[in-house]
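Fold and contact review
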Amino acid sequence: MHTKTFLRMALKYIDIGANLTDSMYRGCYGSSTKHPADLDIVLERAWQNGLQKIIITSGCIKDVDESLELAAKDDRLYTTVGAHPTRCGEFLSDPAKYYNDLRSRIKANPEKVIAVGECGLDYDRLHFCAKETQLEYFEKQLCLAEEFQLPLFLHMRNAHEDFMKILERNREKLETCGGGVVHSFTGTLAEAKSLLDFGGLYIGLNGCSLKTKENLEVAQQLPNERIMLETDCPWCGIRPTHAGHQHVTTKFPTVKKKEKWTKDTLIDGRSEPCQISQVLEVIAGIKQQPKEQLAEIYYQNTLDLFFKSSK
């Protein structure tokens, strides 16, 4: 076994945010099919590269049902249950029914549902869902977290002030559910400090969190005991144009054209859980700390929030 491969496999990871129900893993891009469905291959590549568990991100009822179907096939797969801020409009036709549909999925799948979310606020994409709707149904979903004592998988884009107001107003609920993680963080250092000062919250980092020089300066100053790793795949890969790319040492063979797909290559522009190693390498590079040490800390952070009974 090559030394590089051995080191890659020796590190343990949990991807806290993987959009495995995305049509790209069925070979579909837009309205056309470019290659065979390959999620089984993507997952096998993940397990071979140190992934111990993957949390599938769900942002609506359709996602939840597909995620639960996937998670039932592998004891290393888990899911969130919630409505993404851009999908909160789905509540409107029958709010009570939609809420109860989310609730019923959580209640029926206690071994697989490990967080409420993806929920939060996204003011960058108000064309998908109005601010007032996002505010109402983000706060409503905190009741699910409290009822089932599940941590939160949180989304926040350009909405920090309103986001924090809702958290402060519901502090008791967050204490009951055990806190949460603000995933795919791209905010300022002041925003990060505000989240961390609140208590019980972690920050999830992926390629989008490490894209610019400013992003790297923020990530470098985050305390290790409050960081978790994610890919947000098939999005948020680390591109050669990103500021963090200089620290990437693990390379995967890729093909630029989707039509040239093979089972042994990644699709350029479509990220996979196996690339979580690159996220770790960037963080280790900017912090100038051993990636082996950081991997252990971030792995334990994730166990502490989502898998309290795991060792």
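Only a predicted model underlies this, so the values are computations on that prediction, with no experimental measurement involved.

A look at the state of the cysteines
For the coordinates displayed, the defined rule picks out zero disulfides. Between Cys177, a free cysteine, and Cys119, which holds the nearest cysteine sulfur, the sulfur-to-sulfur gap is 9.3 Å. According to the relative accessible area criterion, Cys177 is buried, its value standing at 2%.

Quick notes on helix H4 (residues 95-108)
Think of an α-helix as turning once every 3.6 residues; residues three or four places apart then point the same way. Over its 14 residues, H4 extends 20 Å from the first C-alpha to the last, a length consistent with the 20 Å expected when each residue adds 1.5 Å. Residues of H4 that are buried: Tyr98, Tyr99, Asp101, Leu102, Arg105 and Ile106. Take H4 and look down its axis: the buried residues cluster within an arc of 155°, on one side only. The outward face of H4, more than 90 degrees from its buried face, is lined by the exposed residues Lys107 and Ala108. As for H4, its buried residues are in contact with helix H3 (61-71), strand S5 (77-81), strand S6 (113-122) and helix H5 (131-148).

Re the side chain of Thr86
With respect to the element layout, Thr86 can be found in the loop between S5 and H4. Separated by 2.9 Å, the side chains of Thr86 and His84 make a polar contact. Excluding residues within four positions of it along the chain, Thr86 makes contact with Asp122, Arg125, Phe128 and Cys129.

Brief notes about H5
For H5, with 18 residues, the first-to-last C-alpha span of 27 Å sits near the 26 Å given by 1.5 Å per residue. Residues of H5 that are buried include every one of Thr133, Gln134, Tyr137, Phe138, Gln141, Leu142, Leu144 and Ala145, and no others. If you follow the buried residues of H5, they end up packed against H4, S6, strand S7 (152-157), helix H6 (160-169) and helix H7 (171-177).

Digging into the UniProt feature "binding site: a divalent metal cation 1" (unreviewed entry) in the protein
In the numbering used here, UniProt assigns the "binding site: a divalent metal cation 1" (unreviewed entry) feature to Glu118 and Asp232. Across 115 residues of sequence, these annotated residues stay compact in space, with a maximum C-alpha separation of 11.5 Å. Its location among the elements puts Glu118 in strand S6. Once residues within four sequence positions are removed from consideration, Glu118 is found in contact with Thr57, Ser58, Thr80, Gly82, Ala83, His84, Pro85, Phe153, His155 and His183. Within the element layout of this structure, Asp232 appears in the loop between strand S10 (227-229) and strand S11 (254-255).

About the cut-offs
The written sequence of each chain sets the order in which its residues are numbered from 1. Given that this is a predicted model, residues contribute local features only at a pLDDT of at least 70 and side-chain atom pairs are listed and counted only at 80 or more, while totals for whole chains, interfaces and linings are drawn from all residues. Excluded from the side-chain calculation are hydrogens and water; included are all heavy atoms of the structure. Counting rule for disulfides: a pair of cysteine sulfur atoms within 2.5 Å. For every residue, the accessible area obtained with a 1.4 Å probe (protein chains only) is divided by the maximum for its type, and the residue is called buried under 20%, exposed over 50%, and partly exposed between those limits. Helix and strand assignments come from DSSP, with helices taken as H or I runs of at least 4 residues and strands as E runs of at least 2, each series counted from the N terminus. Multiplying one less than the number of residues by 1.5 Å gives the expected span of a helix. Directions are taken from the helix axis to each C-beta atom, and the arc is the one they span. Contacts between residues were defined by any pair of non-hydrogen atoms, one from each residue, lying within 4.5 Å. Pairing of N or O atoms within 3.5 Å defines a polar contact, subject to two protein rules: one partner must be a possible hydrogen donor and the other a possible acceptor, and residues neighboring in sequence count only if both atoms are side-chain atoms. UniProt positions are given in the numbering used here, feature names are shortened, and annotations may be inferred rather than shown by experiment.

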